[in-house]
Amino acid sequence: MVTELFPLVLEGAETSRRGKRLVGPTDLTLNGQGLCVVMGPNGAGKTTLLRLMHGTARLTGGSVRWACDTDLARHHQAFVFQRPVVLRRTVEDNLTYPLRLRGVARAQARDAARRWAKRVGLEPHMTRRAMVLSGGEQQKLAIARALITEPALVFLDEPTASLDGRATREIEAILLQAKADGTRLILSTHDMGQARRIADQVVFILGGKVHETGPADAFFDGPETPEALAFLNGDIVE
Amino acid sequence: MPAPPCNNRAGIPRENRPTCGKTRTGGLTIVDLWEGLRHAFWLVVTFNPELTEIALLSLRVTLTALVIACVIALPLAALLAVRRFRWRRATIAMLNALMGLPPVVVGLIVYIFLSRSGPFGALGLLFTPSAMIVAQVIIIVPLIASIAHQSLRELWAEYHDLLISMNVTQVQKMRTLIWDARRALLTAALAGFGRGIGEVGAIMIVGGNIDHATRVLTTAIALETGKGEFALALALGFILIALALGVNLTIHWIGQTERDSRW
Amino acid sequence: MKQWLIVGILALFSANLAHAADQMRMAVTTSFHNSGLAEVLLPEVVRDLDLEVQLLVVGTGQALRLGRAGDVDAILVHSRDAEEAFLAEGYGTHRREIMYNDFVLVGPSNDPAGIADAETATNALQDIAAAGAGFVSRGDDSGTHKKELALWQEAGLDADTFGPWYRAVGAGMGAALNTASGLDAYILSDRASWLNFGNKSGLELLFAGDPVLFNQYAYLPVNPARHIHVKSDLAARLEDWLTSVRAQALIDEYRIDDETLFVFNAK
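Residues numbered from 1 in each chain as written. Chains lettered and ligands numbered in written order. Predicted model: local features only at pLDDT ≥ 70, side-chain atom pairs only at ≥ 80, totals over all residues. Heavy atoms only, no water.

### A few points about the overall build of chain C
Within chain C, the secondary structure is distributed over 11 helices and 12 strands. In terms of overall dimensions, chain C has a C-alpha envelope of 65 × 55 × 35 Å along the principal axes. Taken across its 267 residues, chain C has 57% of its residues classed as buried. When contacts within chain C are restricted to residue pairs at least 6 apart in sequence, long-range pairs at least 24 apart make up 75% of them. Carbon and sulfur atoms provide 52% of the accessible area of chain C, an area that totals close to 10500 Å². With 20 positive and 36 negative side-chain charges, chain C shows a separation of 8 Å between the mean positions of the two kinds. (Helix = DSSP H or I, 4+ residues; strand = E, 2+ residues; numbered from the N terminus. Buried < 20%, exposed > 50% of the residue type's maximum accessible area, 1.4 Å probe, protein only. Contact = heavy atoms within 4.5 Å. Areas by Shrake-Rupley, 256 points an atom, 1.4 Å probe, with all protein chains shown as cover. Lys, Arg positive; Asp, Glu negative; His and termini not counted. Charge placed at Lys NZ, Arg CZ, Asp CG, Glu CD.)

### Here's the deal with the state of the cysteines
Counted under the stated rule, the structure contains 0 disulfides over all chains. Cysteine Cys36 of chain A is unpaired, with the sulfur of Cys68 of chain A as its nearest cysteine sulfur at 18 Å. (Disulfide = S-S within 2.5 Å.)

### Structural notes on the side chain of Ser165 of chain B
Tracing the backbone shows Ser165 of chain B in helix α5 (residues 129-165). Polar side-chain contacts of Ser165 of chain B include one of 3.1 Å to the side chain of His54 of chain A. In contact with Ser165 of chain B, other than residues within four places in its own chain, are His54, Thr56, Arg74, Phe79 and Phe81 of chain A. (Polar contact = N/O pair within 3.5 Å; in protein donor to acceptor, adjacent residues only side chain to side chain.)

### Concerning the pattern of salt bridges
A full pass over the atoms with the stated rule returns 27 salt bridges over all chains. Ionic pairing is found between Lys46 of chain A and Glu158 of chain A, a salt bridge with its closest N-O pair at 3.8 Å. Taken as a pair, Lys46 of chain A in helix α1 (residues 46-54) and Glu158 of chain A in the loop between β6 (153-157) and α6 (165-180) lie far apart in primary sequence, 112 residues in all. Since its relative accessible area comes to 8%, Glu158 of chain A is described here as buried. With a shortest N-O distance of 2.5 Å, Asp180 of chain B and Arg89 of chain A are connected by a salt bridge. Taken together, the positions of Asp180 of chain B in helix α6 (residues 170-180) and Arg89 of chain A in the loop between β5 (77-80) and α3 (91-101) put the pair across two chains. Neither residue differs from the other here; Asp180 of chain B and Arg89 of chain A are each classed as buried. When salt bridges that share partners are traced, they join Arg80, Glu83, Glu84, Arg95, Glu97 and Lys267 of chain C into one network. (Salt bridge = Lys/Arg side-chain N within 4 Å of Asp/Glu carboxyl O.)

### Quick look at the domain arrangement of chain C
All names here are of chain C. The domain architecture assigned to chain C consists of domain 1 (3-100 + 215-264) and domain 2 (102-213). Its C-alpha centre places domain 1 at a distance of 27 Å from the equivalent point of domain 2. At the interface, 14 residues of domain 1 touch 18 residues of domain 2. Carbon and sulfur atoms supply 54% of the area buried between domain 1 and domain 2, which totals about 1300 Å² over both sides. When the area that domain 1 buries against domain 2 is broken down by residue, the three leading residues are Asn34, Asn215 and Leu261, summing to 34%. Linking domain 1 to domain 2 there are 0 salt bridges. (Domains from an automatic or database assignment. Buried area = accessible area lost by both parts, 1.4 Å probe.)

### Section: the nonpolar core
Counting residues in hydrophobic clusters, the biggest one holds 122 residues, and the most contacted among them are Leu30, Leu49, Met53 and Ile186 of chain A together with Ile144 of chain B. At 18 residues, helix α2 (residues 49-82) of chain B tops the list of elements feeding residues into this core. Those residues in contact with Leu30 of chain A that lie beyond four places of it in its chain are Phe6, Pro7, Leu8, Cys36, Met53, Ile186 and Val203 of chain A. Judged by nonpolar contacts, the second largest core, of 50 residues, contains Ala146, Ile148, Val154 and Ile236 of chain A. (Core = buried A, V, L, I, M, F, W, Y, C linked by side-chain atoms within 4.5 Å.)

Set out below in structure tokens:
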């Protein structure tokens, strides 16, 4: 059964915390074409926007609507955090965890774990404790764990921000493969090179509001808004 | 009535007076420590049946209390870690404070409840090992829960984002936390065991220290000390320490074997 | 692995202690227990009556409380006034005298208050008060404590007005003797506890024999009208045994260090 999540429509969506407005009110429509990159300088609200869409940031105004029921949509999503969160277990147990939660039998879960470990290059580490892996390996684990339940959509919050060039490329390769397999991805980054490399769609956010969205090529060749242009030129850092 | 022996010696010069009863020079000395150790060794090596009886009862009462207390305290600690509710801070503060509850007071309260004149008297639990178990459970639950809660809360801080994102249910959250923190929880349990095995005030009151029924190592030690039999009391004390050490080592050994195997 | 532990625990839990056919509970005083007589009598009771008597060894005050609460089936204490009050309030059915022993005054070997030469017990106490010599009191509402207070009263002294030489410890006989030993103080003790006491140190028995130091033990069954569940039939059987010729022989022959301790006087 294929659940169609998209289009995702945000109308006047905003979220505040302790009286301070973090994001919004802002409008956004995503139809989930390929890999969407959310870009903006530090503090623009990229992480919060992702959480708002995913449902882990509390909506204090406006609406966030999926094509299907919100709970159903959440069931088919996964989130990868900027600093990898791994369970204090083995690599294998980390991978089987989301499947076991959903009632998948142990043998099947172990098979899936093995397949995914292989895909991200973690097979030799299957029985090692996840806490002893390097940063890059942990993030790969987190991504594999996100993908193992075959979600329709995966959010990734600056997944390679703390990693070196090589790990970054490896992870980008994994993500592109996932995209090819049909998983939609929404990813935030402040690394322009990364955005150019992998984006199909771009969402530009500044000061908590979405200023511009559109196909990646169009955006990079000629952004519409002056803020976006300034950002691309490296004039806005904060 | 016939005169008891060792009459009033009025009229007999002091030097000629017979001494009544034994005398012993010196109070408690290092010699008694050595005596105690020797006595302990002798009791153990000969499998002294009385010693075995009270040692086994000690273990039975405290280990049973420990299991029951863990069943109560660990989920409670996990619940307090993951669930936000209005009285959470107050409950945690209360648990911490209850750790300092004097065991004798717990014993008195349990006695009042289990006494024949009390609400649960009809159960006939007073002066049985079951009453002792009840008292010990009450004493060690706050201890285990407090320590466990600390570890679980730290782990929850780590897992929070991930598990919320995965839409995990409350029960699944608790189970995940308890399983992943199991080593720290084991320490909490052992702290509870230590508290229980060395406890004497509460179980003296609710158990009655009845010979062959509710006498355990700690109450026997209290009894012998009261009689002035220090060497025997020390002997029992050493055995108690050895027993506690044994249990701790065993549990740690069981814990170690988990390290490299897959569970 | 975990299954092991659980099985082991269950096994410990279900291990059963052997029982005689019938069981009853009796509260006795620490003085009685310290005499060691119980260790002689109880096995005989098991043999003769197939009755296991579980002893709760507590102070007189607590024994009476247990009787009032119905948590025991009978009590064996040595404090006449308290016993009469207990009966008057309807908590016991009657009082049966079983045996007596005596109290003795114990103190430091050098006897600073010179009580060894006293004529009567009250004189001895007056000597101690006059000398301000250290004195340890049970202070726990026990039979011994009540006896001590009665003696002070007869000596015309009020225990409440005593200076720091008088120390009420609030403990059992053994513990109080320990304290007296540690402080080189005088103390009123029952003879049996004194003889059995294992830590005599610098203490000695200095005064005994005055009839006023007479210590009567009585058996009081708890009133079943107050507490239905009380095993009054078993309590009655025990009473019959305790007042029998058999018990008389055992009690009169009981010795510590070749000294008899108790004198049977049941009628």
